[in-house]
Amino acid sequence: MNNMEQYIEALIFASEQAIRLEEIMYCLQAAFERDFTNEEVTDGINRIHEKYQHHSLAIELVKIGNGYQFLTKKEYHTVINLLQLQRSKKKLSQAALETLAIIAYKQPVTKPDIEQIRGVNCDYSIQKLLEKELIAIVGKSEGLGKPILYGTSNLFMDYFGINSIEELPQLKDFTNTTATIGEQSE
């Protein structure tokens, strides 16, 4: 099959979220009624990746989580951010952002735990985050009443462009080491 790369490229392009190697292989096998090896498909993906490294192109093939997705190159993020700001009519509220941050850093976490940290009811924020598919129900706690456990979703990872929760900024990244209390000695 001479044009396998174009089919792989089309699958990645058409996918709204990162597409896994297994999904690509399944689609190719179903379309062409023959088996493809991991190596064949991975080689095709690598050639596509190399093709999109050219400086004249504004997009690149990126591996996110366990899948592949076309994204704009970092040097174009400023202009893309302007477009997103212009189009963002469904922004997250401050309460939803706070709730999302707690879930991201403390997951899996229950609603009572979130409310204890925030100090207010978070029913509405959790509902909105579930609707936007930024969080997901990941199980039930063994605690009293077996409350639902929440965690971030794959869409959260895609949205923030990270492969794992470990890539989230750490508290030390936000700490200002020059801030002091009291008089400074000279």
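Residues numbered from 1 in each chain as written. Predicted model: local features only at pLDDT ≥ 70, side-chain atom pairs only at ≥ 80, totals over all residues. Heavy atoms only, no water.

Colleague: Before we move on, can you summarise the packing of aromatic side chains with the specific residues and values?
Modeller: Following the criterion strictly, the structure yields 2 aromatic pairs and no others. Centre to centre, the rings of Tyr 52 and Phe 70 are 4.8 Å apart; their planes meet at 55°, and the pair counts as tilted. Here the residue Tyr 52 occupies a position in the loop between α3 (38–51) and β2 (59–64), and Phe 70 occupies one in strand β3 (residues 67–72), the gap between them amounting to 18 residues. The pair Tyr 52 / Phe 70 is uniform in exposure class, with both members buried. Positioned above the aromatic ring of Phe 36 is the side chain of Arg 34, whose terminal nitrogen or guanidinium carbon lies 4.0 Å from the ring centre. (Phe/Tyr/Trp six-rings, centres within 6.5 Å; stacked < 30°, edge-to-face > 60°. Helix = DSSP H or I, 4+ residues; strand = E, 2+ residues; numbered from the N terminus. Buried < 20%, exposed > 50% of the residue type's maximum accessible area, 1.4 Å probe, protein only. Lys NZ or Arg CZ within 6 Å of the ring centre and 35° of its normal.)

Colleague: Residues and numbers for the pairing of strand β6 (residues 148–152), please.
Modeller: Each regular strand shows side chains that alternate between the opposite faces of the sheet. Here β6 lies mainly inside the structure; 4 of its 5 residues are buried. Two strands pair when backbone bridges link them, and strand β4 (residues 109–110) and β6 are joined in this way by 2 bridges, in the antiparallel orientation. Bridging across to β6, Val 109 finds its partner in Tyr 150. Here strand β5 (residues 135–140) runs beside β6; their pairing, made up of 5 bridges, is antiparallel. (Pairing = 2+ DSSP bridges.)

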